Amino acid sequence: MRVFGRLSQEQIVFGLAVLLCLGFALALPGFLTAQNILNLVRSVSILGILGVAMGLVVIGRGIDLSLVALMAISVAWTLQLATNGMPMGLALALGLAFSLAVGLLNGFLVAYVEIPAIFATLAMGIAVYGFGRYVMFSLDVVYLPQDAEAFRWLGQGRLLGVPTPICMFALVSFLAFLFLRYTHQGRYLRTVGDNLAAARISGVPARPVILMQYMIAATIGFVGGCVTAASVASMNTRVANSTMIYDVILVVVLGGIGLSGGKGGIRNVIVGTLLIGVLLNGMTIMDIQYTVQNVIKGVILLTAIVIDTMLNPRDEQTAQQGDI
Amino acid sequence: MTALLELRNGSKDYRGVYAVKDVSFTLEQGEVHALVGENGAGKSTLTKMLAGVVSPSAGEVWLDGKPVSFATPSEALKAGIAMVYQETSLVPSLTVAQNLYLMDDKPFHRLRGIYIAGQQFLQSLNFHVDPTALVGALGAGQKQMVEIARAVHHNARAIIFDEPTATLTPEEKHQFFSLVERLKKRGVSIIFISHALEEALQISDRITVMRDGEHVITDATANFDREKIVRAMVGRSLSDELYGKQDRQVRPAGAKVLSVQNLSMGNMVRNTSFSVFAGQITGVFGLIGSGRTEAAKVVAGVLKRDFFHGGQVRLDGRPVRYRVPRPAVQDGIIYVTEDRKLEGFFETMTIAENIFIGAMAGGRVKSSLVSMGEMKQIAGQWTQALNVKAINTDARVIELSGGNQQKVVVAKALVQKPRLVIFDEPTRGVDVGAIAEIHKLINQLADEGVAVLVISSYLPEILQLSDRILICRQGRIVEEFDGQKTDEETIMYAAVH
């Protein structure tokens, strides 16, 4: 194994993505065109935006399983309000406020009630979905009102020739990167994920930081939802019941943000997203069945984790001697 | 007579870095062999080679005059070599008897059967442990008894103890020593790794000193004294600098910074009262379980005192009640933990980031955004002040030795410019050189007028550092001594009775 040197999972995944790219470029005519590359990134940019949201929570040693459900319901509610005649700006503000409220509740349950994040957010996702479908609107697909041109641009427009979803992904990633690196709160987030007890004793406001991390995730989720809705001119709330949340976790874990918290950064999310993007795009061009695609995705994730474990063992002695 | 167990010219390297280099080591039949050295001297690696936990990269292990090679620890155990670790390897959710018979090659055990057998077996060893008790509910000393019983149950002829007394109270230590005597009478050979030199001198037949992965000296214990071992360990004489009686003045008490009255928390802290003064080191001595750590944690807001009749804590005469540590930190009360890995440092972060977190959380950072330059500057200043040995401040804390990790944790606390620092076991698991440096630093703090509280279960440390000594017993501060007009026996007497 030493020939490889010390590679991180991020580098391995990036290498895999490049290899796949090369393979597809050689085997598939039309893969390596500017148009296809833009399409490729565009198709995964929403996954990437959600990945950034999930990534921030996972770095803080949490997980947010309500992310996709909350995104679907809050954006669908916004569209419903706009359709009912509310000005778009106000509708968006209400949708965002709803997202933030749910994020706050998630954070409260995890930080103050001290429920494990996986259960708190799982239950919250189900509750939010049910609440939305029962109280906020009745159809499971809510369409964008015809007159919302500015909103539509968010998903279908272009900025300097680049589709706006890609720009939004870039913007969200950049802001999240700045947040993690240059703000006190961003640094605190990492300490909470690394070692909660040590963070507390050092005087880090640990519980407010946890509240914050779920609220940020909800906000980014809302942005991702808006881009989704604008791209297809509607919000299909059934994504809340799809496997999308697992794809988001896949992107985060594949990129190398450890579920044990504290590790990785936004770069990992981008790398993970790119690999998934290349893979999905190539498989779609090759016309591989959806079910087979799932098998391939699963195998890729396992491979990445296995290689990472072999190259970066938790403990040198156990790696050389095998687990006892 | 052939030696029981031997390592011949053994080496072990990790990617070219030698943990143990060309060391030969002999364990005779029925002897107690102490292995001493600073942290990172290669003691643990050496014994792990003997016990089959790691395989030597060069050299051979000989058992009864024949070369052997153990692939796993269980093979070594079958050959009669058992290792008892510092962190116990028992299953906490199983009972004592289940743990004892866990490794037997039998798919099923009848519980009643093993309880009866376990009872008889433990009694034959004169261990007072209930075989039906859950291991998780036992104290450190009893856990160790179970570990030892398990080794004896597997007919171990050689038992390796890695820092066996580190977590034991003095009474438990005493029991442990008499146990070693009994094992020796049964013909069991023992390797005993320890930091505590007095213990090595007290119970061993021979002593081997290691330094930087190499063998320094092996000789009969009678030919050693403290001074000689320390000199061999560090290559220079540190003893006066460390624990020698120094002619020093007791610092006079400054202003009363902290005053605690009738503090209570559950059944760990019971209605205790004490004060801490500025410009002075107040030492707290107490056995493990005496509530000293808990009392300190309540003061620093890490734990909450009882809601009703919880007592009063006053900082500069002002009553304070912290529910989380953050306001305490902002008021200048800093707690430096006894368990740095669990609640001290951030292992995924660099030295600079760790120290900077302390500065940020303590409100000691100039800009509201993180400035890399300021981080470098603060980290550079503190690593220099505390003499942290690392290539640069971008090294990750997890890669440092125990002593340097502790210094980073201390730096992370001191960067917050505290008025009252509580050091809980400041030199646990720290090598001899770093102990001296940390002690110097603690003295400096007190000289600068900071109120310092040092909690330790190591008597020489308390005696050497403290201007006043408080004795904690059963959740209460029970006695106070002048730092210079007392001795080890007096303190121990107060702490145990």
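None of the values given here were measured: they were computed from a predicted structure.

Right, let's talk about the overall build of chain B for a bit. Scanning chain B for helices and strands turns up 18 helices and 20 strands. A compact globule built from 497 residues would reach a C-alpha radius of gyration of about 23 Å, and chain B, at 24 Å, matches this within 12%. The principal-axis extent of the C-alpha atoms belonging to chain B is close to 70 × 50 × 45 Å. By the burial criterion, 49% of the 497 residues in chain B qualify as buried. If you take every contact in chain B between residues at least 6 apart in sequence, the share linking residues at least 24 apart comes to 69%.

Here we come to the sheet that holds strand β3 (residues 32–36) of chain B. All names here are of chain B. Spatial strand order, β6-β7-β8-β3-β9-β10: six strands in an open sheet with mixed pairing. Looking along the sheet, the strands with just one partner apiece sit at the ends: β6 (81–84) and β10 (214–220). Neighbour-to-neighbour, the strand axes of this sheet turn through a mean angle of 15 degrees, independent of strand direction. In terms of strand pairing, strand β7 (residues 158–162) meets strand β8 (residues 189–193) through five bridges, oriented parallel. For Ala-158, the partnering residue across the bridge sits in β8 and is Ser-189.

Between chain A and chain B, the residue contacts involve 22 residues of the former and 30 residues of the latter. When residues of the side of chain A that touches chain B are traced back to their parent elements, those giving at least two are α7 (164–182), α8 (184–194), α9 (196–201) and α14 (316–321) of chain A. Partitioned by chemical class, the residues of the side of chain A that touches chain B number seven nonpolar, nine polar and six charged.

This part covers the domain arrangement of chain B. Looking at chain B, the domain boundaries give domain 1 (5–242) and domain 2 (256–496). Computed over C-alpha atoms, the centres of domain 1 of chain B and domain 2 of chain B are 32 Å apart.

So, about the packing of helix α2 (residues 34–59) of chain A against α7 of chain A. Residue and element names in this part refer to chain A. Remark: α2 packs on α7, axes separated minimally by 8 Å, with the N-to-C direction vectors making an angle of 20 degrees. Between α2 and α7, the angle is such that the two are roughly parallel. By crossing handedness, the relation of α2 to α7 is classed as left-handed. Listed contacts from α7 to Val-41, Arg-42, Ser-45, Ile-46, Gly-48, Ile-49, Val-52 and Leu-56 of α2 are Pro-165, Ile-166, Met-168, Phe-169, Val-172, Ser-173 and Ala-176. In the contact of α2 with α7, the residues fall into 11 nonpolar, three polar and one charged.

Rules of the game
Residues numbered from 1 in each chain as written. Chains lettered and ligands numbered in written order. Predicted model: local features only at pLDDT ≥ 70, side-chain atom pairs only at ≥ 80, totals over all residues. Helix = DSSP H or I, 4+ residues; strand = E, 2+ residues; numbered from the N terminus. Rg over C-alpha atoms; globule rule 2.2 N^0.38 Å. Buried ≥ 20, exposed ≤ 12 C-beta atoms within 10 Å, placed from the backbone. Contact = placed C-beta atoms within 7 Å. Pairing = 2+ DSSP bridges. Axes fitted to C-alpha atoms, helices over the stretch in contact; angles between N-to-C directions. Nonpolar A, V, L, I, M, F, W, Y, C, P; charged D, E, K, R; others polar. Domains from an automatic or database assignment. Parallel < 35°, antiparallel > 145°, perpendicular 65-115°, else oblique. Left-handed = near helix turned anticlockwise from the far one by under 90°.

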